[in-house]
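Chain and residue survey
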Amino acid sequence: MESASKKSLRRAYVWGRGMPNASILGLSGSLRNARFRIGSRSLTIELERIENEKALTDYLVEQTKIRANDFLEAGLSTGAPFDDVYRALQKKRFERGLSNSEAATAAALWAAHHYGAKISHIALAEHFASNGSVREPQRLAAALRAADGIIVSSPVYFGDRGSLVQGLFEFIASDASLKRDVAGKLYGGLAVGAKRNGGQETTLIYQMLDMLNMGFLAVGNGHETTAQYGGTAKAGDVGTFAADQYGLETCIGTGRRVARTAQMKALDRDGVALADKLSIHLWLLQDSEDGRGLRYFQDWAKDLVARDPTVNVRIFDAVNDEVARCLACEVCPTKLGHARTYRCIVTSADDFFVKHHVEMLDADAILIAAYSPEDGSRTKSVYQQFVERTRYLRRDNYVFEDLLVAPFILSHVEARQNLHIRMVTSMVRHHTILNRPIIAFESEGKLIDRASVVRDSELFVARSKQLSVARYLQHKAETEYRPIGYEISAAKWREEYASGRMGQAIGRRQADHQLLAKARLDPERTGSEQ
Ligand SMILES: Cc1cc2nc3c(=O)[nH]c(=O)nc-3n(C[C@H](O)[C@H](O)[C@H](O)COP(=O)(O)O)c2cc1C
């Protein structure tokens, strides 16, 4: 007799079927929110009825206009002072209408629902009063605990989040038990500002860092749009969100990416294991002239492997190698091909990527490592040229897709380089899943708080194992790099698409993934004999 858990694994292992229904919670941080409580419930019901993107746009146009009319009816049309308008609005509780950033949440939740997720919505204004008190904290905590992934939407205020979103972050950070329970859940962000370059990206990056530091895993918007920081929309006056078609698409892309990643992660629930060792790649991109960083990371790897022999750490010492600059080619990589075939235009024999391209593709998880010593003049760094050279890997339909990535910094307390922020910013563009940065601080030649580095490293390993298994248990998506903003590349992409060559390349990658999955997962524990 086959056990129930083996049966469910068998189901998951038949590609594409048995996908779990992740729960995705959308949290709207607008001061102009329309939907509260029952209005949130009606919002999700309405979203679930919308069949396609065109109907979604029509719905958002209608709902944001309703919210604009609410403001007019509350006194704006008669020229009443805004505080009176605001008070009049506060007295009402609506079941219709959407503010701009609330419409962004709606777009993302619609996409998550279409991806098979269960969706729910909360207006943060329900919980965070202007006097600083938190209403019904248990209800909010329960909703956060019940979700597999959360999407946080904020209006941009001064290039950053609004106070309601800040309230949410403080709420999570101040409750140790809640923080423990939400650790490892997926996070994606949306930001709506009145202007292009109004601070949508800064808002999203700061939010992402805070969420990572609180233990969440972070993803950006998906490969169908730009695979960057999340939803970035432009809308100033109430009622204008749906006019920004591209912003709307980035919100849809974020909802889809959060749902897809949460569902993939949930595939691991039955405790399947890798048949072989977990392969962690550590890219060392900056060091001191005397190689203190390299020695530190080597010792760290030795200790880690001694504690857990199922892990293999491969250190790539790029600092002591040649890393040529990117040439910013119009068409990158040079041609379509197999992921293992090196296709960057730089071909000098001593170049790091020429030498290590194939090995780099065997990572299950990646640590981007650097040493920031106190004395910057004694630093050797290939950080920037290394990151720019990874462009051909991103543009090769995201070869690092879904790998867990974390910055790993050894930093003098006075170095103040903030490299971990730049690493998060650049690596999310590889369609990866981001983990809390690991930071080892040193002062006067001594490490401060070794225990937190051990704890964070072990967490990274555990999550890498879980996500590696889940990655192999899922049917690989048809991920493709879309050259948004590049006309020459776009023309080449259209040509390859029309000829069917792009489809073939993606199909080959999916087939390779399937073969690799059969080799990498433990047959004893997956029921993969079918
Ligand atoms: C206090 C305040 C600060 C703002 N700061 C910015 C800003 O830095 N950049 C920007 O693009 N828009 C800024 N805005 C505009 C809002 O982000 C924009 O109107 C947004 O659509 C509000 O979303 P909502 O309708 O969901 O509340 C600001 C608005 C307010 C009230």
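We now turn to the structure provided with this report. Position numbers for residues start from 1 in each chain and track the written sequence from start to end. It should be noted that, the model being predicted, local features are given only for residues of pLDDT at least 70 and side-chain atom pairs only at 80 or more, the latter also being counted only at that level, while totals for whole chains, interfaces and linings use all residues. To obtain the side-chain values, all non-hydrogen atoms of the structure were used and water was disregarded.

Focus: the pattern of salt bridges
- Think of a salt bridge as a Lys or Arg side-chain nitrogen and an Asp or Glu carboxyl oxygen that are within 4 Å of each other. Here the structure, examined in full by the defined rule, presents 37 salt bridges.
- The closest approach of N and O atoms between Arg 340 and Asp 362, which form a salt bridge, is 3.0 Å. Within this pair, whereas Arg 340 is found in the loop between strand E8 (311–317) and helix H12 (352–360), its partner Asp 362 is found in the loop between H12 and strand E9 (365–372), the two being separated by 22 residues in sequence.
- In this structure, a network of salt bridges that share partners links the residues Arg 257, Arg 260, Glu 401, Asp 402 and Lys 476. Labels follow the DSSP assignment, with helices taken as runs of H or I lasting at least four residues and strands as runs of E lasting at least two, numbered in each case from the N terminus.

Some points on unusual backbone geometry
- Between Cys 332 and Pro 333 the backbone carries a cis peptide bond, its omega angle lying at -5°.
- For Arg 37, which is not a glycine, the phi torsion comes out positive at approximately 45°.
- Relative to the elements of secondary structure, Arg 37 occurs in the loop between strand E1 (23–28) and helix H2 (38–49).
- We call a residue buried when its accessible area falls under 20% of the maximum for its residue type, exposed when it is over 50%, and partly exposed in between, using a 1.4 Å probe and counting protein chains only. Given the relative accessible area of 40%, Arg 37 is considered partly exposed.
- Notably, Tyr 398 is not glycine yet its phi reads approximately 60°, a positive angle.
- Positionally, Tyr 398 belongs in the loop between helix H14 (391–394) and strand E11 (404–412).

Let's talk about the packing of helix H6 (residues 137–146) against helix H7 (residues 163–173)
- Interaxial angle, 0 to 180 degrees, is taken between N-to-C directions of lines fitted to C-alpha atoms, where a helix line uses only the stretch in contact. Interhelical geometry of H6 versus H7 gives an angle of 85° and a closest axis separation of 12 Å. Looking at the two axes, H6 sits roughly perpendicular to H7. The segment H6 lies against H7, with Pro 137, Leu 140, Ala 141 and Leu 144 engaging Leu 168, Phe 171 and Ile 172.
- Only Asp, Glu, Lys and Arg are considered charged, only Ala, Val, Leu, Ile, Met, Phe, Trp, Tyr, Cys and Pro nonpolar, and every remaining residue, Gly among them, polar. When the residues that make up the contact of H6 with H7 are grouped by side-chain class, the tally is 7 nonpolar, no polar and no charged. Our angle categories are set so that under 35 degrees counts as roughly parallel, over 145 as roughly antiparallel, 65 to 115 as roughly perpendicular, and the remainder as oblique. A contact between two residues is defined here by any heavy atoms of the two lying within 4.5 Å.

Here's the deal with the pairing of E9
- Of all 8 residues making up E9, 8 are buried, and the element is well covered by its neighbours.
- Side chains of E9 alternate between two faces, with Ala 365, Leu 367, Ala 369 and Tyr 371 and Ile 366, Ile 368, Ala 370 and Ser 372 buried alike.
- Sheet topology note: the strand E7 (residues 278–288)/E9 ladder contains 6 bridges and is parallel. Across the sheet, the residue bridging to His 281 is Ile 366, located in E9. Strand pairing follows a simple DSSP-based rule, namely that at least 2 bridges must link the two strands.

Some remarks on the packing of aromatic side chains
- For Phe, Tyr and Trp, rings pair up if their centres lie within 6.5 Å, where Trp contributes its six-membered ring, and each pair is then called stacked (planes under 30 degrees apart), edge-to-face (over 60) or tilted (otherwise). A complete count under the given rule lists 16 aromatic pairs for this structure.
- Consider the rings of Phe 352 and Phe 353, whose centres lie 5.3 Å apart with planes at 80°: the pair is edge-to-face. Just as Phe 352 is buried, Phe 353 falls in that class too.
- For the ring pair Tyr 398 and Tyr 481, a centre distance of 5.9 Å and an interplane angle of 55° mean the geometry is tilted. Placement of the pair is Tyr 398 in the loop between H14 and E11 and Tyr 481 in the loop between helix H16 (450–473) and helix H17 (487–499), with a sequence separation of 83 residues. One exposure class covers both Tyr 398 and Tyr 481, and it is buried.
- Geometrically, a lysine NZ or arginine CZ counts as sitting over a ring once it is within 6 Å of the ring centre and also within 35 degrees of the ring normal. In this arrangement the basic side chain of Arg 292 is found over the ring face of Tyr 371, its NZ or CZ atom lying 5.9 Å from the centre.
- Stacked on the ring of Tyr 486, the Lys or Arg Arg 395 has its end atom at 4.5 Å from the ring centre.

Description of a nonpolar patch on the surface
- In this analysis, a patch consists of residues with relative accessible area above 30% that form no salt bridge, clustered at 9 Å for like charges and at 5 Å for the nonpolar side chains Val, Leu, Ile, Met, Phe, Trp and Tyr. Every accessible area reported is derived by Shrake-Rupley at a probe size of 1.4 Å, with residue values counting cover from the shown protein chains alone. Together, Leu 31, Tyr 157 and Phe 158 line one region of the surface with nonpolar side chains, adding up to about 370 Å² of accessible area.
- Within the element layout of this structure, Phe 158 appears in the loop between strand E3 (149–155) and H7.
- Judged by its relative accessible area of 90%, Phe 158 falls in the exposed class.

Some details on the site of the ligand
- For each residue, the test is whether any non-hydrogen atom lies within 4 Å of the molecule or strand; if one does, the residue is near. The environment of the ligand is made up of 17 residues, and the closest members are Ser 30, Ser 101, Val 156, Gly 198 and Ala 235.
- Within the contact set of the ligand, a nitrogen atom lies 3.0 Å away from a backbone nitrogen or oxygen of Phe 158.
- About the coverage of the ligand: the protein hides 78% of its 640 Å² of free accessible area.
- Elements that contribute at least two residues to the shell around the ligand include exactly helix H5 (100–114) and strand E4 (186–193).
- Across the shell around the ligand, the residue classes tally to 7 nonpolar, 8 polar and 2 charged. By the criterion applied in these results, polar contacts are pairs of N or O atoms within 3.5 Å in which, for protein atoms, one can donate a hydrogen and the other can accept it, and in which residues neighboring in sequence qualify only through two side-chain atoms.

Things to note about the packing of H2 against helix H3 (residues 53–73)
- For the pair H2 and H3, the least separation of the axes is 10 Å and the interaxial angle reads 150°. As judged from the angle between their axes, H2 and H3 are roughly antiparallel. In terms of crossing hand, the pair formed by H2 and H3 is right-handed. Seen from H2, the contacting residues are Leu 43, Glu 46 and Leu 47; seen from H3, they are Leu 56, Tyr 59 and Gln 63.
- Of the residues belonging to the contact of H2 with H3, the class tally is 4 nonpolar, 1 polar and 1 charged. By the definition used in this description, the sense in which the near helix is turned from the far one sets the handedness, with an anticlockwise turn below a right angle giving left-handed and a clockwise turn giving right-handed.

What about the nonpolar core?
- Joining through side-chain atoms within 4.5 Å is the link that ties buried Ala, Val, Leu, Ile, Met, Phe, Trp, Tyr and Cys residues into a set, and such a set is a nonpolar core. Counting residues in each nonpolar core, the largest one holds 75 residues, and the members touching the most others are Ile 24, Leu 47, Leu 60, Phe 241, Leu 282 and Phe 408.
- Sorting elements by how many residues they give to this core places H5 first, with 9 residues.
- Excluding residues that lie within four positions of it along the chain, Phe 408 makes contacts with Leu 282, Tyr 296, Phe 297, Trp 300, Leu 367, Ile 368, Ala 369, Ala 370, Ile 438 and Val 453.
- If you look at the next biggest cluster of nonpolar residues, it comprises 66 residues, including Ile 172, Val 346, Ala 370 and Phe 386.

Here we look at the environment of Asn 435
- Position of Asn 435 among the secondary structure elements: in the loop between strand E12 (433–434) and strand E13 (438–443).
- The class for Asn 435 is buried, based on a relative accessible area of 1%.
- Counting along the chain gives 24 residues from Asn 435 to Leu 459, while the straight-line C-alpha distance between them is 9.3 Å.
- Ignoring sequence-local partners within four residues, the contact set of Asn 435 consists of Leu 212, Leu 217, Leu 404, Val 405, Ala 406, Pro 407, Phe 460 and Arg 463.
- A distance of 2.7 Å separates polar atoms of two side chains, one belonging to Asn 435 and the other to Arg 463.

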